[in-house]
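Secondary and tertiary structure notes
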Amino acid sequence: MHFRAVKLVALAVIGVIAATMKIVSTVRVSRSAAVSKAARAVYLVQTIFLFVLVGLALGRFFLPPVWQFSIFDTRTFIALIGILVILWLAYVVLLWKGRRSVLQKHDAAGSR
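Residues numbered from 1 in each chain as written. Predicted model: local features only at pLDDT ≥ 70, side-chain atom pairs only at ≥ 80, totals over all residues. Heavy atoms only, no water.

A few points about the nonpolar core
Nonpolar side chains in soluble globular proteins tend to be buried together. Within the largest apolar cluster, eight residues are counted, these being Val-29, Val-35, Ala-39, Val-42, Tyr-43, Leu-87, Tyr-91 and Leu-95. Elements that contribute at least two residues to this core include exactly α2 (37–62) and α3 (74–111). Val-29 has contacts with Val-35, Arg-40, Tyr-43 and Tyr-91, leaving out every residue within four places of it along the chain. (Core = buried A, V, L, I, M, F, W, Y, C linked by side-chain atoms within 4.5 Å. Buried < 20%, exposed > 50% of the residue type's maximum accessible area, 1.4 Å probe, protein only. Helix = DSSP H or I, 4+ residues; strand = E, 2+ residues; numbered from the N terminus. Contact = heavy atoms within 4.5 Å.)

Comments concerning the packing of aromatic side chains
Tallied over the entire structure, the rule returns one aromatic pair. Plain terms: the ring middles of Tyr-43 and Tyr-91 are 4.8 Å apart, the flat faces sit at 50° to each other, and that makes the pair tilted. Remark: Tyr-91 occurs in helix α3 and Tyr-43 occurs in helix α2; sequence separation between them is 48 residues. According to the relative accessible area criterion, Tyr-43 is buried, its value standing at 10%. (Phe/Tyr/Trp six-rings, centres within 6.5 Å; stacked < 30°, edge-to-face > 60°.)

Right, dumping it as structure tokens:
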């Protein structure tokens, strides 16, 4: 095997491991009682969006030009990455708001 083939196999293995870890974390978040329903929904949409984005990127670089979708140019791809970043930030904000409300409820119960 050439060095390039070894790199591709290593990247494929790392990709499969990363995808498996992302799926496992999504299942854990969806079953967690400590996370609000809105945060769970955002995390699930974020995971699906990430897999679609990675699939589009891989298709763009590995598929022949005839099989590629013409609507996914560089600007569209950057916009999709921006949406993914917004989803990441929304999830963090929802977690923060959820934990803050739990702490406020705990403080109110402790002061009684």
